[in-house]
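One-letter residues, chain by chain:
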Amino acid sequence: MNQHSAQPEETHAEPPAHPRLELSEVLHQPVRFSIAAALSKTETMDFKDLRNTIQVSDSVLSKQLSTLEKAGFVQIKKAFVGKFPRTSVKLTPAGRQAWEHHLQILRQIAGS
């Protein structure tokens, strides 16, 4: 009861936090989102194939892959095939989990 009146005190429950707060800041960026989408459909992808799939330059792809690698979302493997360097990229288990969660939250926001 409130001291100044005979009415019970009102309790204000906080509404649940908006789902957007659970979106990954790393995956939210359009190029990184596109990288994760492309990699989620395959075990591993060659750098050139990934670049062509998401239609970005080598430098843009390299920069965004570095960000994803620092976040632990992708693994980058460099090797030589004969005399030619080959770079392959894959989602890590943490990256795959983050991707699935990000999509789940987007669906929740969209109401589907």
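Throughout this document, residue positions are counted from 1 along each chain, in the order its sequence is written. With the structure being a predicted model, the display of local features is reserved for residues of pLDDT at least 70 and the display and counting of side-chain atom pairs for 80 or more, all residues being used for whole-chain, interface and lining totals. Side-chain metrics in this entry use all non-hydrogen atoms of the structure; hydrogen atoms and water are not considered.

### Side note on the nonpolar core
In plain words, nonpolar cores are sets of buried Ala, Val, Leu, Ile, Met, Phe, Trp, Tyr and Cys residues tied together by side-chain atoms within 4.5 Å. Exposure categories follow from relative accessible area, calculated using a 1.4 Å probe and restricted to protein chains: below 20% of the type maximum is buried, above 50% is exposed, and the middle band is partly exposed. Counting residues in each nonpolar core, the largest one holds 22 residues, and the members touching the most others are Ile35, Leu39, Leu50, Ile54, Leu61 and Leu65. Elements are defined by DSSP. Helices are runs of H or I of four residues or more, strands are runs of E of two residues or more, and each kind is numbered from the N terminus. Breaking this core down by element, the ones donating at least two residues are helix H2 (30–40), helix H3 (47–54), helix H4 (58–70), strand S3 (84–91) and helix H5 (93–110). When neighbours within four sequence positions are excluded, Leu50 is seen to be in contact with Ile35, Ala38, Leu39, Met45, Leu61, Leu65 and Val89. Whether two residues touch is decided by their heavy atoms; if any such pair falls within 4.5 Å, the residues are in contact.

### Quick word on the layout of surface pockets
To find leftover empty space, a probe the size of one water molecule is rolled over the atoms. For each structure, a 1 Å grid was placed over the protein atoms alone; sets of points admitting a 1.4 Å probe that cannot get out are labelled cavities, open sets with protein on both sides within 12 Å along at least five of seven lines are labelled pockets, and lining residues have an atom within 4 Å of a point. Grid points are joined across faces, edges and corners, and a volume is the space filled by probe spheres set on the points. Computed from the structure, the largest pocket encloses a volume of approximately 160 Å³. If you trace the largest pocket, you find it lined by Asp46, Phe47, Lys48, Val81, Phe84, Pro85, Arg86 and Thr87. Contributions of two or more residues to the lining of the largest pocket are made by H3 and S3. A total of four residues in the lining of the largest pocket trace back to one element, the largest contributor, which is S3. In the scheme used here, Gly and all other residues not listed as nonpolar or charged are polar, with Ala, Val, Leu, Ile, Met, Phe, Trp, Tyr, Cys and Pro taken as nonpolar and Asp, Glu, Lys and Arg as charged. The residue inventory of the lining of the largest pocket, partitioned by class, reads four nonpolar, one polar and three charged.

### Describing the side chain of Thr92
Here Thr92 lies in the loop between S3 and H5. A polar contact of 2.5 Å, which involves the side chain of Thr92, links it to the backbone oxygen of Gly72. Apart from the residues within four sequence positions on either side, Thr92 is in contact with Gly72, Phe73, Val74 and Gln75. Here a polar contact is taken to be a pair of N or O atoms separated by no more than 3.5 Å, where protein atoms must pair a possible hydrogen donor with a possible acceptor and residues adjacent in sequence count only if both atoms sit in side chains.

### Things to note about the pattern of salt bridges
Oppositely charged side chains are able to pair whenever their charged atoms sit close together. Here, a salt bridge means any Lys or Arg side-chain nitrogen found within 4 Å of an Asp or Glu carboxyl oxygen. According to the stated counting rule, one finds two salt bridges in the structure shown. The partner of Asp46 in a salt bridge is Arg86, and the shortest N-O contact between them spans 3.2 Å. Taken together, the residues Asp46 in strand S1 (residues 45–46) and Arg86 in strand S3 connect sequence positions 40 residues apart. Overall, the relative accessible area of 17% leaves Asp46 in the buried class. Here Asp58 ties to Arg51 by a salt bridge, and the two come within 2.8 Å at their closest N and O atoms. Accessibility expressed as a relative area gives 39% for Asp58, which makes it partly exposed.

### Digging into H2
Looking at H2, one finds that the buried residues are Val31, Arg32, Ile35, Ala36, Ala37, Ala38 and Leu39. Two or three places before Val31, at the opening of H2, Gln29 has a side-chain oxygen 2.8 Å from that residue's backbone nitrogen.

### Description of the side chain of Arg32
Along the chain, the position of Arg32 falls in helix H2. Despite being buried, Arg32 has no salt bridge partner; Glu25 is the closest side chain of opposite charge, sitting 7.1 Å away. Here the side chain of Arg32 touches Val26 through a polar contact of 2.6 Å, landing on its backbone oxygen. Not counting the four nearest positions on each side in its chain, Arg32 is found in contact with Glu25, Val26, Leu27, Gln64, Thr67 and Leu68. By the counting rule applied here, Lys and Arg register as positive and Asp and Glu as negative, while His and the ends of each chain are not counted.

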